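Structural overview
If you want the building blocks of each chain, they are given just below.
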Amino acid sequence: GLVGSEMCIRDRYNQKKSKYLVYVPKHGAAMWKGLDTVIMELEAAQQAGLPIDIVTSETAEQYFPEIRIFKTAENMPASYPIPQRMLPLVFRQVDFVVDQIIMGCYGNTGIEAMLCGAVTLGQKRYTEVADAPIVEVEAGTIAAALERLIADPALCQRISTDSIAYANRVHSPEAVGAIAKKV
């Protein structure tokens, strides 16, 4: 598989937290994903008492100091977004990842998050991804979905486990190669 499941299995959905980390891949090049809308909705939910912290490429170093250490060691500017090789670290530790809500289907962020067992929220409007263990949301429904997920840790654990299996089954090099052979 793409990522060893032993590295990614999560059992922390089984423990109550005072704050849940929600990663939103908001950066300058991702404006077309609808993430400004996501941030506004999450901020309003946060102010209304939903126990979440919003993690973006701009705030990730507050939660994951290893990113700053890595960027310093690699001589990357502080303004540089999360380095690609650091994303698994983030996805293994956040509770939820919100991917695209405008484009119709999850993208690379969703795939990487699923591989790391993160409960991923986004769209899956295409029949090819109807069985993906993505929590389907659109603008205006994200906070309610998070509220339901936070209240149901067993569901989160099941989605986490299913996500790893699905991403390895559908998005592994072997699975992609099999599709390419048919073309």
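Refer to the structure printed above.
Residues numbered from 1 in each chain as written. Predicted model: local features only at pLDDT ≥ 70, side-chain atom pairs only at ≥ 80, totals over all residues. Heavy atoms only, no water.

**A closer look at the packing of aromatic side chains**
Counted only if it meets this: Planes of paired rings set the category: under 30 degrees apart is stacked, over 60 is edge-to-face and the rest tilted, where pairs are Phe, Tyr or Trp rings (Trp by its six-membered ring) whose centres lie within 6.5 Å. Put simply, DSSP marks the helices as runs of H or I at least four residues long and the strands as runs of E at least two long, and each gets a number from the N terminus on. Any residue under 20% of the maximum accessible area for its type is buried, any over 50% is exposed, and the rest in between are partly exposed; the area is computed with a 1.4 Å probe on protein chains only.
Within this structure, the stated rule accounts for 3 aromatic pairs. Arranged with centres 6.3 Å apart and planes meeting at 40 degrees, the rings of Y20 and F96 form a pair that is tilted. Here F96 lies in strand 3 (residues 96-98) and Y20 lies in strand 1 (residues 20-23), a separation of 76 residues in the sequence. Residue Y20 is classed as buried on the basis of its relative accessible area, which comes to 6%. Judged by relative accessible area, which is 1%, F96 ranks as buried. Taking the centre distance of 5.5 Å and the plane angle of 70 degrees together, the rings of Y23 and F91 count as edge-to-face. With a gap of 68 residues between them, Y23 in strand 1 and F91 in helix 5 (residues 87-93) connect regions that are remote in the sequence. When its relative accessible area of 4% is taken as the criterion, Y23 is described as buried. The class for F91 is buried, based on a relative accessible area of 1%.

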